[in-house]
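Chain residues, written in single-letter form:
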Amino acid sequence: DTEVTQTPKHLVMGMTNKKSLKCEQHMGHRAMYWYKQKAKKPPELMFVYSYEKLSINESVPSRFSPECPNSSLLNLHLHALQPEDSALYLCASSRRLAESYEQYFGPGTRLTVT
Amino acid sequence: AQRVTQPEKLLSVFKGAPVELKCNYSYSGSPELFWYVQYSRQRLQLLLRHISRESIKGFTADLNKGETSFHLKKPFAQEEDSAMYYCALKGSSNTGKLIFGQGTTLQVKP
């Protein structure tokens, strides 16, 4: 299995809702990443996990809460989002942090906040 | 400061024409540079890394430290090359950070 999968594909949520995005990989990768991507813009790094521990938080607002319950799974918990948080959320993985240049990206979850 | 600049938002060429997607970087030390590609409705994927010096899908890229550039080239563009191309720089200290340029959309016309 050489893919990163993400669920759901699409998500519409109100500003008071709580939802979660899920990312999974079975390539044995020990580094996982969350990115936010706006239309026609590059991905913006949000969080990096290495061996299930949070390695980087790029000053992301606390309404986004990442979780890495095991080496194959990465979640992003969402609460009290704003309309400007609407974007494509990408998950990626790499074998190790040191090999972050070769990241395998998932297809993304398109999030709309109403 | 670590920065990647792709000066062209859009590059439009005819099929069979040469292509050069520009990328300039700012980095103190030995940079590691990459090209990622995102085809329509497909996921972002690694195309090239400068260390490997290989040709993928006919594309090559040479690191020019004097000009701080890593331009992506292909001698004869194909319609299936139409995509968004991102130049990326590996951040320092093995933090896992990839610094992406703003991207260039390549449009290959028939």
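Refer to the structure presented above.
Basis of the calculations
- Residues numbered from 1 in each chain as written.
- Chains lettered and ligands numbered in written order.
- Predicted model: local features only at pLDDT ≥ 70, side-chain atom pairs only at ≥ 80, totals over all residues.
- Heavy atoms only, no water.
- Pairing = 2+ DSSP bridges.
- Helix = DSSP H or I, 4+ residues; strand = E, 2+ residues; numbered from the N terminus.
- Axes fitted to C-alpha atoms, helices over the stretch in contact; angles between N-to-C directions.
- Polar contact = N/O pair within 3.5 Å; in protein donor to acceptor, adjacent residues only side chain to side chain.
- Contact = heavy atoms within 4.5 Å.
- Buried area = accessible area lost by both parts, 1.4 Å probe.
- Salt bridge = Lys/Arg side-chain N within 4 Å of Asp/Glu carboxyl O.
- Nonpolar A, V, L, I, M, F, W, Y, C, P; charged D, E, K, R; others polar.
- 1 Å grid on protein atoms, 1.4 Å probe; cavity = no way out; pocket = protein on both sides within 12 Å on 5 of 7 lines; lining within 4 Å.
- Points joined across faces, edges and corners; volume = space filled by probe spheres on them.
- Core = buried A, V, L, I, M, F, W, Y, C linked by side-chain atoms within 4.5 Å.
- Buried < 20%, exposed > 50% of the residue type's maximum accessible area, 1.4 Å probe, protein only.

A. Geometry of the sheet that holds strand β3 (residues 18–25) of chain A. Residue and element names in this part refer to chain A. If you walk across this open sheet you meet the four strands as β1-β3-β8-β7, and the pairing is antiparallel. Two strands lie at the open edges of the sheet, namely β1 (4–7) and β7 (64–70), each paired on one side alone. The mean angle between the axes of side-by-side strands here comes to 20 degrees, regardless of whether they run parallel or antiparallel. Relative to β3, β1 runs antiparallel, the two being bridged by four bridges. Looking at β3, one finds that Val4 is bridged to Gln25.

B. Broad picture of the side chain of A:Gln37. Within the element layout of this structure, A:Gln37 appears in strand β4 (residues 31–37). A distance of 3.2 Å separates polar atoms of two side chains, one belonging to A:Gln37 and the other to B:Tyr86. The residues touching A:Gln37, leaving out its near neighbours within four places in the chain, are A:Pro42, A:Pro43, A:Ala87, A:Leu88, A:Leu90, B:Gln38 and B:Tyr86.

C. View of the interface of chain B and chain A. Each partner contributes to the interface: chain B provides 19 residues, whereas chain A provides 23 residues. Carbon and sulfur atoms make up 55% of the surface buried where chain B meets chain A, a total of about 1800 Å² over both sides. Run the count over chain B and chain A and you get two salt bridges. Between A:Glu3 and B:Arg43 there is a salt bridge whose closest N-O contact spans 3.8 Å. Counting across the interface, chain B meets chain A through six residue pairs in polar contact (both at pLDDT 80 or more). Secondary-structure elements contributing two or more residues to the side of chain B that touches chain A are β5 (33–38), β6 (45–49), β9 (83–90) and β10 (98–100) of chain B. Of the residues that constitute the side of chain B that touches chain A, the class distribution is eight nonpolar, six polar and five charged.

D. Inspection of the layout of surface pockets at higher detail. Taken as a whole, the largest pocket encloses approximately 670 Å³ of empty space. As for the largest pocket, its lining consists of 27 residues, and the residues nearest its centre are A:Leu88, A:Arg110, B:Gln38, B:Arg41 and B:Gln42. Residues belonging to the lining of the largest pocket are distributed by class as follows: 10 nonpolar, 10 polar and seven charged.

E. Structural view of the nonpolar core. In terms of nonpolar packing, the biggest core is built from 25 residues, with B:Leu21, B:Trp35, B:Leu47, B:Leu72, B:Tyr85 and B:Leu106 touching the most fellow members. Secondary structure elements with two or more residues in this core: β2 (10–14), β3 (19–21), β5, β6, β9 and β11 (104–109) of chain B. By residue number, the principal contributor to this core is β9(B), which donates four residues. Apart from residues no more than four positions distant in its own chain, B:Tyr85 is found in contact with B:Gln6, B:Leu21, B:Trp35, B:Tyr36, B:Val37, B:Tyr39, B:Leu47, B:Phe59, B:Leu72, B:Gly103, B:Thr104 and B:Leu106. Core analysis: the second largest hydrophobic core is formed by 22 residues, A:Trp34, A:Phe47, A:Phe64 and A:Leu81 among them.

Any functional reading would require information that these geometric values do not contain.
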